[in-house]
Amino acid sequence: DILVTKAGPGSIAEAMIKGLPCLLTSFVPGQEEGNVDFVTEARAGEFVDELDPWKVAEKVAEWFQDPKRLRDMSRCALQVGKPDATLEIAKVLSEEFLDAGASQKPLADHS
C-alpha cells in the first residue's frame, strides 16, 4: 500500500509511522517544501506534480509493478517514522512546566 497526498506534515508523519511509501503531488510553497525533501531524501517516496495526473497514475502503476521497491521505501519510511513523538513532546512540556512551577515563589496569602 502507498499514500498519494500533498506534502502535509500530519499525513507524512502518519504514513512514516505505518511504513507507507508516499507519492507527494503538491505542497504549500515555503511551508511544506521541506517535507518533500524529507520524504525523498529518506527514500520513503517521491514527488510528482499533481498538475500532470497521467504522470501521477504512471508513477503509482510503476510502484505497484515493483514490489521490492515498495518494500524498500516502506522500510525507509519506518526508519524515519517517530511513533512516540507526541508522547515525547508532552513529556518534555510537562517537565518544563513542572520545573517552572517549582522555581516560582508562592504568592502571599492575603486572606
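A brief report on the enclosed structure follows. Just so it is clear, the structure is predicted and the values come from calculations on it, not from any experiment.

Structural notes on the environment of Pro-53
Phase 1: Considering the arrangement of structural elements, one finds Pro-53 in helix 3 (residues 53-64).
Phase 2: Classification of Pro-53 as exposed rests on a relative accessible area of 52%.
Phase 3: Residues Pro-53 and Thr-25 lie 28 residues apart in sequence; the distance between their C-alpha atoms is 9.1 Å.

Notes on the nonpolar core
Phase 1: By size, the foremost hydrophobic cluster in this structure holds twelve residues: Ala-7, Ile-12, Ala-15, Met-16, Cys-22, Leu-24, Val-36, Val-39, Ala-42, Ala-44, Cys-76 and Ala-77.
Phase 2: Only helix 1 (9-18), strand 2 (22-24), helix 2 (33-41) and helix 4 (67-80) provide two or more residues apiece to this core.
Phase 3: Per element, the largest residue contribution to this core is three residues, and it comes from helix 1.
Phase 4: The residues contacting Ala-77, other than those within four sequence positions of it, are Met-16, Gly-19, Leu-20 and Ala-44.
Phase 5: If you look at the next biggest cluster of nonpolar residues, it comprises seven residues, including Ile-2, Leu-23, Val-48 and Val-56.

Thoughts on helix 2
Phase 1: Among the residues of helix 2, those classed as buried are Asn-35, Val-36 and Val-39. Along the axis of helix 2, the buried positions cluster into a sector of 105 degrees, meaning they face one direction only.
Phase 2: On the buried face of helix 2, the contacting elements are helix 1, strand 2 and strand 3 (45-47).
Phase 3: A positive phi of about 60 degrees marks Arg-43, the residue just after helix 2.

A look at the environment of Glu-32
Phase 1: Examined against the element boundaries, Glu-32 turns out to sit in the loop between strand 2 and helix 2.
Phase 2: Overall, the relative accessible area of 5% leaves Glu-32 in the buried class.
Phase 3: Taking the C-alpha atoms as reference, Glu-32 lies 26 Å from Ala-61; in sequence the two are 29 residues apart.
Phase 4: If we skip the residues at most four places from it in the chain, Glu-32 touches Lys-6, Ala-7, Gly-8, Pro-9 and Phe-27.
Phase 5: Among the polar contacts listed, one links the side chain of Glu-32 to the side chain of Lys-6, at a separation of 2.6 Å.

Some points on a nonpolar patch on the surface
Phase 1: Residues Ile-89, Leu-93 and Phe-97 make up a contiguous nonpolar surface patch of about 350 Å² in total accessible area.
Phase 2: The residue Phe-97 is located in helix 5 (residues 85-102) in this model.

Some thoughts on unusual backbone geometry
Leave glycine aside and you will find that most residues have negative phi; peptide bonds, for their part, are mostly trans.
Phase 1: In this structure, Arg-43 is a non-glycine residue whose phi angle is positive, near 60 degrees.
Phase 2: Positionally, Arg-43 belongs in the loop between helix 2 and strand 3.
Phase 3: For Arg-43, a relative accessible area of 60% puts it in the exposed group.

What counts and how
Residues numbered from 1 in each chain as written. Predicted model: local features only at pLDDT ≥ 70, side-chain atom pairs only at ≥ 80, totals over all residues. Heavy atoms only, no water. Helix = DSSP H or I, 4+ residues; strand = E, 2+ residues; numbered from the N terminus. Buried < 20%, exposed > 50% of the residue type's maximum accessible area, 1.4 Å probe, protein only. Core = buried A, V, L, I, M, F, W, Y, C linked by side-chain atoms within 4.5 Å. Contact = heavy atoms within 4.5 Å. Arc of directions from axis to C-beta. Polar contact = N/O pair within 3.5 Å; in protein donor to acceptor, adjacent residues only side chain to side chain. Patch = residues over 30% accessible without salt bridge, like charges linked within 9 Å, V, L, I, M, F, W, Y side chains within 5 Å. Areas by Shrake-Rupley, 256 points an atom, 1.4 Å probe, with all protein chains shown as cover. Salt bridge = Lys/Arg side-chain N within 4 Å of Asp/Glu carboxyl O.

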